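Commentary on secondary and tertiary structure
Listed below, chain by chain, are the residues.
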Amino acid sequence: MATDRRETRWQASPHRLIPGLLALLLMTGTAHAEGLTVTDARLSLMPGDTPGAGYFHLHNGGDAPVTLVGADSDAFARVEMHMSMNKDGMASMKPISELTIDPGETLDFAPKGYHLMFMKRQGPLGMGDKVDVTLDFADDTRLPVVFDVVSPASL
Ligand SMILES: [Cu+2]
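Now for a look at the structure at hand. Fair warning: this is a prediction, and the values are worked out from it, not measured in the lab.

**Details of the coordination of the copper ion**
Taken together, His82 (ND1), Met93 (SD), His115 (NE2) and Met117 (SD) make up the full set of protein donors to the copper ion, lying 2.1 to 2.2 Å away. The site at the copper ion holds 4 donor atoms, and with the angles between them running 98 to 119°, its shape is tetrahedral. Sequence positions of the residues that donate to the copper ion give the spacing H-x10-M-x21-H-x1-M. Pair noted here: Met93 is in strand β6 (residues 90-95) and His115 is in strand β9 (residues 114-121), with a separation of 22 residues, a long-range link. On the basis of relative accessibility, which here comes to 3%, the residue His115 falls in the buried class.

**A look at the nonpolar core**
By size, the foremost hydrophobic cluster in this structure holds 28 residues, and its most contacted members are Phe56, Leu58, Leu116 and Leu135. Excluding its chain neighbours within four sequence positions, the residues that come into contact with Leu58 are Leu36, Thr37, Val38, Leu68, Ile101, Glu105, Thr106, Leu107, Phe137 and Leu143.

**Thoughts on the packing of aromatic side chains**
Scanning all chains against the criterion turns up 5 aromatic pairs. Taking the centre distance of 5.8 Å and the plane angle of 80° together, the rings of Phe56 and Phe147 count as edge-to-face. With Phe56 in strand β3 (residues 52-60) and Phe147 in strand β11 (residues 142-150), the pair connects residues that are 91 residues apart, well separated along the chain. For the pair formed by Phe56 and Phe147, the shared burial category is buried. The exposure class of Phe147 is buried, given its relative accessible area of 0%. Members of the aromatic cluster, joined through ring pairs, are Phe56, Phe76, Phe109, Tyr114, Phe118 and Phe147.

Thresholds applied
- Within each chain, residue numbers correspond to sequence positions counted from 1 in written order.
- Owing to the predicted nature of the model, reporting of local features is limited to residues with pLDDT of at least 70; listing and counting of side-chain atom pairs is limited to 80 or more, with chain, interface and lining totals taken over all residues.
- For side-chain calculations, the full set of non-hydrogen atoms in the structure is used, while hydrogens and water are omitted.
- Because no water is among the atoms considered, metal sites can look incomplete, with donors defined as N, O and S atoms within 2.8 Å of the metal, or 3.2 Å for Na, K and Ca.
- The geometry test gives tetrahedral to four donors whose angles all lie between 85 and 135 degrees, gives square planar to four donors and octahedral to six donors whose opposite members are over 155 degrees apart with all other angles between 65 and 115, and gives irregular to the rest.
- Under the scheme used here, helices are H or I runs from DSSP no shorter than 4 residues and strands are E runs no shorter than 2 residues, and both carry numbers assigned from the N terminus.
- Each residue is assigned to one of three classes by its accessible area relative to the maximum for its type, calculated with a 1.4 Å probe on protein chains only: buried under 20%, partly exposed between the two thresholds, exposed over 50%.
- Put simply, a nonpolar core is a bunch of buried Ala, Val, Leu, Ile, Met, Phe, Trp, Tyr and Cys residues held in one set by side-chain atoms that sit within 4.5 Å of each other.
- Throughout, a residue-residue contact means that at least one pair of heavy atoms, one from each residue, lies within 4.5 Å.
- Working definition: a ring pair exists when centres of Phe, Tyr or Trp rings (six-membered ring for Trp) sit within 6.5 Å. Plane angles under 30 degrees give stacked, over 60 give edge-to-face, the rest tilted.

And the structure:
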């Protein structure tokens, strides 16, 4: 099955990489895989147990559309994709189940637009911390991304 083969190749590939290249790929806030590039990955966190908001840019440099279906992180109980809206002057947000990015396109997760909502942190987190997050795609691709914890005031 094509999907299985892809998954296997994914999990096997990091072990074949030379350490220097691996370090480059794991550079904070940046991830590359299968033509996918994530940059500027930030997790905006306020004190207390309020949900955090995740922002990044996801570029599809491949030659086929890709569909983002969600994300997860061991550092939080649950991660959802949301879209912020402004209806009759009231700010609100709604869950999004999937977002498709065409070849050559960049999807922006940014304040007042799409964001990841990180619910219930599983331990203390502070500004400057790194959080491992996995972006999940419809074809079972799983893209690891390291998010920088930042203050909402920095956005
Ligand atoms: Cu939200």
